[in-house]
Amino acid sequence: MTGTGAVRTGRPGALARLPGRVPPLVADAALAAALFLLTLGPGRVADGRGFALQSALVLPLVWRRRAPRSVFGVIAAAALVQWLLGVQLPADAALLVALGTVTARAPYRSAWAAGLVAAAGAVLAAARWAPEGRFLASGAAMAAAVAASALLGANTRVRRAARAQRLARLERDRDERERRAVEEERARIARELHDSVTHGLSVVVALADALGHARPADACAVTARIAETGRQALGDMRRALGLLQDAGPDGGTDAGPGAGSGAGSGGERRSPPGIGQLGALCARMEAAGLVTRLRVDGEAAGVPAAAQLTVHRLVQESLTNVLRHAPQGTRAEVRVSCAPGAVTVEVTDDGRAAGTGRPGSAGAGLGLTGMRERAAAFGGVLEAGPRPGDGWRVFVRLDPGGAS
C-alpha cells in the first residue's frame, strides 16, 4: 500500500534511459564510419577531390539525430557539388539516410521539403548518369529508393509516437494506482482511529456516568477501569497512527491491511488485537454496563492476523453501537465461528431497535460504512438491521483467503 510520503521510483520513462544503451552519437558515428568504408575503395574515389566529396557526403551523418535538417542540407549541398563536377560516388546513399532521419524527426513541413529535394536529386542523377535509353528505369529506381527511405522514416516516427503514448498511459495508470492506494490508506487509518477512539470514549463515558451512582467502596474500581480503558484507547490510537510509520521502502506497509503493529506506551511494539482479545473487549463492555456474552467456535489460530483484526473491529464497533444507542439493561451476544476458509461474526442484542437512532441501512454513518468496507476487504457483505420483535443484529461472513 502506498503511503503519502512514498518515494516514486521505476517510472516507465526510465526505460528509455537504460544505462547499457549505446549513446546516439556513438551509434551515428559508427554508422557513418561503416558507410564511409563500404563506399570507399578502388575505382570509387579516384583522387583527393573525390575523397573530399566522400567525406562531405558521409561524415555529417554523425550529427544526424541532433540536427537532422542541417545534416540533410549539408549532404544535399555536397551531392549537388558532386553532380556539378560530374563525380559519381556510391556515398550518395548518405542522402537517403539523412532523408529518413528528417522524415522521422523533423516537422512534417521539413520532411516534405526534404522529400522533394531528394526526388529532384534522383531525377538529376538519372538524367546525367543513366545508361543510354535507360533514363526512365534509372529514374524510377532512384525515386523508389527515395520513397522507401521516406516511408521508413515515417514508420519510425509513428512507432516512436506510439511508444511515447504507451509510456504516458503507463505513467498515468501508475499515478492513478498510487492515488487510489493513498486514498485507501487514509480511509483505513480513519477507520482504525474511528473504531478505537469511539469505542474507548463510549466506554469511558459509560463508566463516568456509573461513577456518579457508585458506592464509595466501588468508586476506586470504577476509576481504575476508566484509566485502564483510556490507556487502552490511547494504545489503539497509537497503533493506528503507527501504521503510517511502518511503511516499507515503497511506501507500503509490511503486512496486509490493518496488520501492521503500532507503538504502544513506552515505545513498545504491540500486536494488533484479534479474536483472542474478544474476551477482554467483552469484559470492558460489561464494566461499562452492557451485559455481554461471548461464544467462539473453531480454532482462531488458523485465521490470518489481518482477518482477526477485522473480526475484532467489527465486534468492537457493533458493541459500541449497542452501548451508545440501546437502553440500559440491554444484553448483547457475540458469536464467532472459525471454519476452514470462512469466519462468521454475529452480534445481537435485545434492546429496542426502532425509532431512536440505532444505525441501520438508512442514514449510515462513518462507523457502519467502515464496517462494510472492512467486511468487503475479505469478500464479506455486512448485514445490519432490527431483529423480529426487539433488538438488533449484525452479521457478516468473511473469506480470509480472498482478501482484496
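Above this text is the structure in question.
The sections below set out a description of the structure shown in this document. (Residues numbered from 1 in each chain as written. Predicted model: local features only at pLDDT ≥ 70, side-chain atom pairs only at ≥ 80, totals over all residues. Heavy atoms only, no water.)

### Things to note about the environment of V291
- Its place among the elements puts V291 in strand β3 (residues 291–297).
- Along the chain, V291 and D349 lie 58 residues apart, while their C-alpha atoms are 9.6 Å from each other.
- Filtering out sequence-adjacent residues up to four positions away, V291 remains in contact with E286, T330, R331 and A332. (Helix = DSSP H or I, 4+ residues; strand = E, 2+ residues; numbered from the N terminus. Contact = heavy atoms within 4.5 Å.)

### Some points on helix α3 (residues 68–85)
- Taking 1.5 Å per residue as the helical rise, α3 with its 18 residues ought to reach 26 Å, and the 26 Å between its terminal C-alpha atoms agrees with that figure.
- All of the buried residues in α3 are P68, V71, F72, I75, A76, A78, A79 and Q82. The arc enclosing the buried residues of α3, seen along the axis, measures out at 160 degrees, which places them on a common side. Among the exposed residues of α3, those oriented more than 90 degrees off its buried face are R69 and L84.
- In the core, the buried residues of α3 are packed alongside α2 (48–58), α4 (93–105) and α5 (108–129).
- One or two residues past the end of α3 sits G86, with phi positive at roughly 75 degrees. (Expected span 1.5 Å × (residues − 1). Buried < 20%, exposed > 50% of the residue type's maximum accessible area, 1.4 Å probe, protein only. Arc of directions from axis to C-beta.)

### What to know about the pairing of strand β6 (residues 383–386)
- In terms of strand pairing, β6 meets strand β7 (residues 392–398) through four bridges, oriented antiparallel. Of the residues in β7, the one forming a bridge with A384 is V394.
- Where β6 folds back on β7, the antiparallel hairpin that results is connected by five residues, among which G389 adopts a positive phi of roughly 90 degrees. (Pairing = 2+ DSSP bridges.)

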